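Now for the letters of each chain:
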Amino acid sequence: MSIKTDDSIEAYKDLICPVENPFPVVMQSAYDCFLIDLDERKYLDFGAGLAVNLLGYSNDEIKQAVKNAADTLIHCGTEHINLPNIELARYLKTFSDFDCFFFSNSGSEANEAAIKLARKYHSVIGNKKKRLVSFSGSFHGRSILNISIAGNPKHCDGFEPLVANITHAEFNNPESLLESIGEDVCAVIVETIQCRGGLREISKDFVTLINQLRKKYKFLTIVDEVQTGTYRVGSLFSHPEYALDVDIVTLGKGIGGGFPIGVTATTKKIGQHLSLGSHGNTFGGGPLVSSVALTVLKIISSSEFSEKVEESKEYMKANLVAFETAYKDDIANIVSCGMLFGFCLIGCSAGRAAELEKIAFKNGLIIRTSGDNAIRLTPPLCITRSHIDSAFTILYSSMKELISIYSV
Ligand code: PLP
């Protein structure tokens, strides 16, 4: 390892709050779907920079959009209208019945805006609904509100007092949801696939129950699509695939093409209640990120691109099934939802997701864990057969390495 790498790692440890435990390398550049570290080692990125880089790295059209914004207008503040933002909102409107958008800088902020809007909406229409219902195993971001909603002790410890008036029901458990719902509930916030703590898909029965209760109790359903949205699962949104009736949807991550973004999408009927001065920010929907987001959306929603993604999905799925068969004593419960993939570790590999992640990284492949026992693959949507072949070659050898350490 070079002195520069060692120095940078030391400086990182010295200067940066230790909220992450990064791999001991320093990234310096990237191309296609590969990251390159300071020592010129390359890593095939099947995590896509925390599920962000939908078009891989160094996409020419994204670069052009950045350059155009740099040549015209990077930032003007949210008190001024900018053209790319209007174009982006117009384009987003073509995907669904949502016709009212709030732009921010992260998934957490998009959720924060969604929750504030739900409370405000009910307060303006004159009822007393204030309570939120969320689910065990969920993840919605790191603000005090979002950790309070998810209720994961790992993320909440030491940050108390948390936001009050939140009930945590058990995900996919109808009885638990029925016990939690009442006339005072203003919103239910849910994910179609929980990506942290194991990859858990919402069940059909649970969707039906949420839809029924929404009608009966008139709460708003908020779907957090920060990870599942933007063509990761389904198209712009994943909830139509699950027939989940929704009022507010949040997006983030990939839609910004590597620039920070949050989108809270709803209808005018609801969104109008986020009224003048009631909410806001400095950067949301700025010209640069809006231009890039529009570029990303136009590419990934084109039929030509979708056809390629469809092929990659099928090829990924076939490889995953073969991988599970080859390692049937160590792998189970493969997940293949759109371009979101995963598997659980069993047998002597159970609970060793972080170790497999480490071994794969050493071998040149970036994968992510989902809890202690599951691996999550969120590759760029633009991956090809050749990327998939390389990824599985590394996965096979990494799995073999893991098993050789722990089999008795
Ligand atoms: N919601 C979900 C489902 C997420 O996966 C994440 C981030 O991983 C967030 C919200 C928070 O997004 P951000 O980190 O951009 O604030």
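Look up: the structure comes first, before these words.
Quantities reported herein were computed from a predicted structural model and do not represent experimental measurements.

This next bit is on the overall build of the chain. Helix and strand counts for the chain stand at 14 helices and 17 strands. By principal-axis analysis of the C-alpha atoms, the chain measures approximately 65 × 55 × 45 Å. Out of the 408 residues belonging to the chain, those deemed buried represent 51%. Pairs at least 24 apart in sequence give 70% of the contacts found in the chain among residues at least 6 apart. In the form shown here, the chain has an accessible surface area of approximately 19,000 Å², with 54% of it arising from carbon and sulfur atoms. With 40 positive and 47 negative side-chain charges, the chain shows a separation of 5 Å between the mean positions of the two kinds.

Turning our eyes to something else, we now look at helix 3 (residues 60-72). When the terminal C-alpha atoms of helix 3 are compared, their 18 Å separation across 13 residues agrees well with the 18 Å that a helix rising 1.5 Å per residue should span. All of the buried residues in helix 3 are Ile-62, Ala-65 and Ala-69. In a view along the axis of helix 3, the buried residues occupy a sector of 60 degrees, so they form one face of it. Facing away from the buried surface of helix 3 by more than 90 degrees, the exposed residues are Asp-60 and Asp-71. Of the surrounding secondary structure, the elements contacted by the buried residues of helix 3 are helix 11 (287-300). At the N-terminal end of helix 3, a side-chain oxygen is found 2.9 Å from the backbone nitrogen of Glu-61, two or three residues along, and the residue is Asn-59.

All chains considered together, the criterion is met by zero disulfides. You can see Cys-337 has no disulfide; the closest cysteine sulfur is in Cys-195, sitting 9.0 Å from it. On the basis of relative accessibility, which here comes to 9%, the residue Cys-337 falls in the buried class.

This next bit is on the site of the ligand. In the vicinity of the ligand lie 13 residues, with Gly-107, Ser-108, Asp-224, Gln-227 and Lys-253 positioned nearest. The backbone of Gly-107 places a nitrogen or oxygen atom 2.9 Å from an oxygen atom of the ligand. In this structure, an oxygen atom belonging to the ligand sits 3.1 Å away from a side-chain N or O atom of Lys-253. For the ligand, whose unbound accessible area comes to 390 Å², protein coverage reaches 82%. Considering each element in turn, the shell around the ligand owes the most residues, three residues, to helix 5 (residues 107-124). Partitioning the shell around the ligand into residue classes produces two nonpolar, seven polar and four charged.

Below, the discussion takes up the pattern of salt bridges. Any two side chains of opposite charge can pair, on the condition that their charged atoms come close. Evaluated as defined, the whole model comprises 12 salt bridges. A salt bridge links Asp-60 to Lys-63; the shortest N-O distance between them is 3.9 Å. Of this pair, Asp-60 and Lys-63 are both found in helix 3, three residues apart, which corresponds to roughly one turn of the helix. A relative accessible area of 58% means that Asp-60 is categorised as exposed. We note a salt bridge from Glu-401 to Lys-362, for which the minimum N-O separation is 2.7 Å. In this pair, Glu-401 sits in helix 14 (residues 385-406) while Lys-362 sits in helix 13 (residues 353-362), placing the two residues 39 residues apart along the sequence. Taken together, the shared-partner salt bridges in this structure form one network comprising Asp-37, Asp-39 and Arg-41.

What counts as what
Every chain is numbered on its own, with residues counted from 1 as its sequence reads. Given that the model is predicted, a residue must reach a pLDDT of at least 70 before its local features are reported, and side-chain atom pairs must reach 80 or more before they are shown or counted; all residues, however, enter totals for whole chains, interfaces and linings. Values reported for side chains reflect all heavy atoms of the structure, with hydrogen atoms and water molecules removed beforehand. Helix and strand assignments follow DSSP, with helices taken as H or I runs no shorter than four residues and strands as E runs no shorter than two, numbered in order from the N terminus. Classification of residues uses two cut-offs on accessible area relative to the type maximum, computed with a 1.4 Å probe and protein chains only: under 20% is buried, over 50% is exposed, and between them is partly exposed. Working rule for contacts: check all heavy atoms of both residues, and any pair within 4.5 Å makes them a contact. All accessibility values rest on the Shrake-Rupley procedure with a 1.4 Å probe; residue burial counts only the protein chains present in the view. For the charge count, each Lys or Arg is scored as positive and each Asp or Glu as negative, with His and the chain ends excluded. Where a charge lies is defined by one atom per residue type: Lys uses NZ, Arg uses CZ, Asp uses CG and Glu uses CD. For a helix, the expected span equals 1.5 Å multiplied by the number of residues minus one. Throughout, the arc means the angular range of directions from the helix axis out to the C-beta atoms. Polar contacts, as used here, are pairs of N or O atoms within 3.5 Å; protein pairs need one atom able to donate a hydrogen and one able to accept it. Residues neighboring in sequence count only if both atoms are side-chain atoms. Any two cysteine sulfur atoms lying within 2.5 Å of each other are counted as a disulfide. Summary of the distance rule: residues count as near a molecule or strand when at least one heavy atom falls within 4 Å of that molecule or strand. Amino acids are sorted into nonpolar (Ala, Val, Leu, Ile, Met, Phe, Trp, Tyr, Cys and Pro), charged (Asp, Glu, Lys and Arg) and polar (every other residue, Gly among them). Just to be clear on terms, a salt bridge is a Lys or Arg side-chain nitrogen sitting within 4 Å of an Asp or Glu carboxyl oxygen.

So far we have only geometry, and geometry alone does not tell us how the molecule works.
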